[in-house]
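Each chain, written out:
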Amino acid sequence: MREIGRHLLWPLAALAILLAFNALRDPAFFHLRLVEGRLTGAMIDILNQGAPVLLLALGMTLVIGTGGIDLSVGAVMAVAGAVAADLLHSGASTATALAAAVGAGLAAGLWNGSLIALVGLSPIVATLILMVAGRGIAQLVSNGEIIDIAPDAAILAIGRGTVLGLPFPVLIALGAAAALAGVARLTSLGLFIECVGGNEQASRYAGLAVRSIRLAAYALMGVLAAIAGLIDAADIAAADANNCGLYLELDSILAVVIGGAALTGGRFSIAGSLLGAIIIQTISTSILRADFGGRSVPVELNLIIKATFVLALCLVQSSEWRRWRPLRRSAAA
Amino acid sequence: MADALVEMREIVKTYPGVVALDAVDFTLRAGEIHALVGENGAGKSTLIRILTGAERPDRGRLLLNGREIHARSPAEAQRLGVAAVYQEINLAPDLSIAENLLLGREPRSRFGWIQWGEMRRRARQIVRSMGLEADVSAPLRDCSIALRQMIAVARAVDQRARVLVLDEPTSSLDAAETGRLFDLMRRLRAAGLGIVFITHFLEQVYAVSDRITVLRGGRCVGSHAARDLPRLALVSAMLGKAASAVAAERASTRRADCGGAARLVAKRVFRRRSIQPFDLTLRAGEVVGLAGLLGSGRTEMARLLFGVETRDGGTISINGAAMHRHSPRRSIRAGVALAPEDRRAAGLVPRLSVRDNILLALHASRGWLRRLPRRDQVALAEQFVRSLSIATPDLRRPVAQLSGGNQQKVILARWLLMEPTILLLDEPTRGIDIGAKEQVESLVADLRVRGMAIVFISGELEEVVRVSSRVVVLRDRAVVGELEGAAITAGSIMERIAGPAEGGGHA
């Protein structure tokens, strides 16, 4: 939150490069059209597809800010989706299903937070437990099958509905980002998180409720993961315990790192993480849309291209790398 | 003498907005212990960082044995024979002494396996050659800070260092440990090493140094043989004041009698392996000094009173409220503040700004929802930066960039703005320069007059004697005596620390 501006430079530049690349390959990339009251276009697709990662990245920003990490978010997404679909399947109301799914996410977050803040487990170990167990729980809830959601279910609006032409997932994600940025700016929460991540012992001596702050960060993470899970389930009209949110914990951590946060905690930027999430989704979308003389990029290369781009971005941002460059110059002189 | 080991000539180093070193000369000879003294911000650290390759000068030359060198990193400087042992020792606490001594240079067999037996043997040899005694397979974590420091020195020497920089090596040591370190330094001097010694304790400067170089405001204001530089002249060189003014200032701290309402009452409070049961009543308008050697239980006492550690028994009441489930939060709400001994580990959040650090306790007490408006934040922080004369270019500067004395003042500011009725100060003057020290001492006197109840912990007896209206003496984790009024003298405190008859040589 502190040094806004400079640290957003590289992510912004990276996004600009990605967008320029797309615009060159496909002049229609920036076109937006209103089709049946719904805005369509590549840019909207990116935001829409990226909404789950964006939500995860927001929560992950706070968790990493406290010096922690949450590996269980993908599994929590699956749990939330399975809980909602299962309840709907057995005739529960939409509101009940939504509340139960979000409640499951909250419970998961509190569980993680308790293991870390109260029991004192290391965040990696504590959330690794739920990363493994969570998917198991989701499979138990869904009996190991993909639970379909009825095509006319109201809950599908979360994934497919629009408001003023904007897809609902986009609104949820951007709304959450705005709300969180507002909270971080208007309250002391952002400062407290940076303190806990920056020096836990000093925070305790200064009278901060270190445990509660930790607990709150993981709880919020759980809720955001549940919402991401609901979006994912509503998007495909089914809860797939095996694949929902798979590897998204890594995407969201990457997004936060790209956004310039310190993985050791104590420094974070919501705007940065937002950019990071958009960059990650833009890479995926760009690869999918790119075609070279009628041939698309082989699917097998997708992940490697993405990894290469992220590596390059992390390198230019790292201070080690930057220190190394002037050194080379002075050695040559 | 012609055998200059290190010559630094006209070293200039500027940081944005500050000239840290302005054409400084420094000469270190082989076989001498050379004290480098100066107030915070005088440029000592910068000069050392340049000597050890951590920084490069903007201008000037650095000669080692008459040859110009350009070390680009501490590792490179070390290869050239310049090693530093810093205040915060950079060893690996979980590895054994032997591993620490030979890290990166482990004896290996033909197949690349580490030869543990050989390693222990070599380590024992090194330890013995330094005149130390230690079990080399014990993890470093279990050693005293003093021993760790000496292990760090031993490691440097064993890597064929010819120039050894000791930056505040004694700040965490008690008198006996300091003595042992000095013996080691003298031994190394006899072996022809050049030692740069930085300390804030003037007694120590005179105890071991052959030469003294004084820096002030980024300039060298003098380099003298220690025996040719009277103590008062040294102080006035450091402060840039006439000697008589310094003397007058020192005499001006007075104490008066005391005894207001009881603010804090502790009864039979103890914690196993930490401190034996003690009683303490702290009244408004008094300064209670806690005196004792390092590890005698002074810090433990303060931490129990503040609720950082949970006690195993006894009762504590603060301003009439019994502390049942004690925590720093509860203490703060009841009107207590603690400025901890280790300000880097327990005080500052290094990445945050000076302003955020000053306001941290206030923010915490208001909770996350009741954020102080930015205007008020700036006004409050500015007020305390001014009243404590904290030297910082601006409030947004990360607190890690301030000097030790100013960091200490930031923590004092944090607590003073909470307007506590009870102030616990654990080594508030450690590692800060003389000017800041005197400011802290007169601040304490001032707060006492205004009715605050203060606990003052310091390893410097003279200081405890100067500021305290009552002194509680600790030895071996127990309270062993109490002195009041005119009975408070360094001698009487030392007698009680030393203990009865046999005069226990505990460390």
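These numbers come from a predicted model, not from an experiment. (Residues numbered from 1 in each chain as written. Chains lettered and ligands numbered in written order. Predicted model: local features only at pLDDT ≥ 70, side-chain atom pairs only at ≥ 80, totals over all residues. Heavy atoms only, no water.)

### Regarding a positive patch on the surface
Here's step 1: Taken together, the side chains of Arg204(A), Arg211(A), Arg325(B), Arg329(B), Arg330(B) and Arg333(B) define a basic patch exposed on the protein surface.
Here's step 2: Counting residues per element, the positive patch draws most heavily on helix H11 (residues 328-334) of chain B, which supplies three residues.
Here's step 3: You can see Arg329(B) is positioned in helix H11.
Here's step 4: Judged by its relative accessible area of 31%, Arg329(B) is partly exposed. (Patch = residues over 30% accessible without salt bridge, like charges linked within 9 Å, V, L, I, M, F, W, Y side chains within 5 Å. Areas by Shrake-Rupley, 256 points an atom, 1.4 Å probe, with all protein chains shown as cover. Salt bridge = Lys/Arg side-chain N within 4 Å of Asp/Glu carboxyl O. Lys, Arg positive; Asp, Glu negative; His and termini not counted. Charge placed at Lys NZ, Arg CZ, Asp CG, Glu CD. Helix = DSSP H or I, 4+ residues; strand = E, 2+ residues; numbered from the N terminus. Buried < 20%, exposed > 50% of the residue type's maximum accessible area, 1.4 Å probe, protein only.)

### Observations concerning the domain arrangement of chain B
Residue and element names in this part refer to chain B.
Here's step 1: According to the domain assignment, chain B consists of domain 1 (4-93 + 158-228), domain 2 (257-335 + 421-507) and domain 3 (344-419).
Here's step 2: Averaged C-alpha coordinates put domain 2 and domain 3 at centres separated by 25 Å.
Here's step 3: Summing both partners gives a buried area of about 950 Å² for domain 2 against domain 3, and 75% of it is carried by carbon and sulfur.
Here's step 4: Contact with domain 3 buries surface across domain 2, with Ile-332, Gln-439 and Leu-443 losing the most and accounting together for 35% of the total. (Domains from an automatic or database assignment. Buried area = accessible area lost by both parts, 1.4 Å probe.)

### Re helix H2 (residues 42-65) of chain A
Every α-helix carries 3.6 residues per turn, so stepping three or four residues along brings you back to the same face.
Residues and elements named next belong to chain A.
Here's step 1: With 24 residues, H2 extends 32 Å between its outermost C-alpha atoms, agreeing within 8% with the 34 Å of an ideal straight helix rising 1.5 Å per residue.
Here's step 2: Of all the bends found along H2, the most pronounced is centred on Ala-51 and spans about 55°, while Pro-52, a proline, follows it within four residues.
Here's step 3: In terms of burial, H2 is a largely internal element, 20 of the 24 residues being buried.
Here's step 4: Phi turns positive, to about 90°, at Gly-67, one or two residues after H2. (Expected span 1.5 Å × (residues − 1). Bend = angle between axes of the 7 residues up to and from the residue.)

### A few points about the packing of helix H15 (residues 404-416) of chain B against helix H16 (residues 434-449) of chain B
Residue and element names in this part refer to chain B.
Here's step 1: The geometry of H15 relative to H16 is characterised by a closest axis approach of 12 Å and an angle of 15° between their N-to-C directions. Regarding the angle of H15 to H16, the classification is roughly parallel. Crossing of H15 against H16: the hand is left-handed. Packed against H15, whose contacting residues are Lys-409, Leu-412 and Leu-416, the element H16 presents Ala-436, Gln-439, Val-440, Leu-443 and Leu-447 at the interface.
Here's step 2: When the residues that make up the contact of H15 with H16 are grouped by side-chain class, the tally is six nonpolar, one polar and one charged. (Axes fitted to C-alpha atoms, helices over the stretch in contact; angles between N-to-C directions. Parallel < 35°, antiparallel > 145°, perpendicular 65-115°, else oblique. Left-handed = near helix turned anticlockwise from the far one by under 90°. Contact = heavy atoms within 4.5 Å. Nonpolar A, V, L, I, M, F, W, Y, C, P; charged D, E, K, R; others polar.)

### Quick word on the sheet that holds strand S4 (residues 59-64) of chain B
Residues and elements named next belong to chain B.
Here's step 1: Strands sit in the order S2-S1-S4-S5 across an open sheet of four strands; the sheet is antiparallel. One side of each edge strand has no neighbouring strand; the edge strands of this open sheet are strand S2 (18-29) and strand S5 (67-68).
Here's step 2: As paired elements, strand S1 (residues 4-15) and S4 share five bridges and run antiparallel to each other. Following the sheet pairing, Val-6 is matched in S4 by Leu-64. (Pairing = 2+ DSSP bridges.)

### What to know about the nonpolar core
Here's step 1: Of all hydrophobic cores here, the largest spans 97 residues; its most connected members are Leu56(A), Leu58(A), Ile155(A), Leu208(A) and Ile279(A).
Here's step 2: Those residues within four positions of Leu58(A) in sequence are excluded, and the remaining contacts are Ala173(A), Ala176(A), Ala177(A), Leu180(A), Leu224(A) and Ile270(A).
Here's step 3: Formed by 69 residues, the second largest nonpolar core is a distinct cluster that contains Phe306(B), Val308(B), Leu424(B) and Val467(B). (Core = buried A, V, L, I, M, F, W, Y, C linked by side-chain atoms within 4.5 Å.)

### Looking at the packing of aromatic side chains
Residue and element names in this part refer to chain B.
Here's step 1: Enumeration over the complete set of coordinates arrives at four aromatic pairs over all chains.
Here's step 2: On the numbers, 5.8 Å between centres and 85° between planes, the contact of Phe-182 with Phe-197 is edge-to-face. Note that Phe-182 is positioned in helix H6 (residues 175-190) and Phe-197 in strand S8 (residues 194-198), a separation of 15 residues in sequence.
Here's step 3: With relative accessibility at 6%, the residue Phe-182 sits in the buried group.
Here's step 4: The exposure class assigned to Phe-197 is buried, which follows from its relative accessible area of 0%. (Phe/Tyr/Trp six-rings, centres within 6.5 Å; stacked < 30°, edge-to-face > 60°.)

### Things to note about unusual backbone geometry
Residues other than glycine predominantly adopt negative phi, and peptide bonds predominantly adopt the trans conformation.
Here's step 1: Although it is not a glycine, Ala237(A) adopts a positive phi angle of roughly 55°.
Here's step 2: With respect to the helices and strands, Ala237(A) occurs in the loop between helix H10 (210-236) and strand S6 (238-239).
Here's step 3: Within the chain, Glu419(B) stands out as a residue other than glycine whose phi angle is a positive 50°.
Here's step 4: Topologically, Glu419(B) is positioned in the loop between H15 and strand S17 (422-426).

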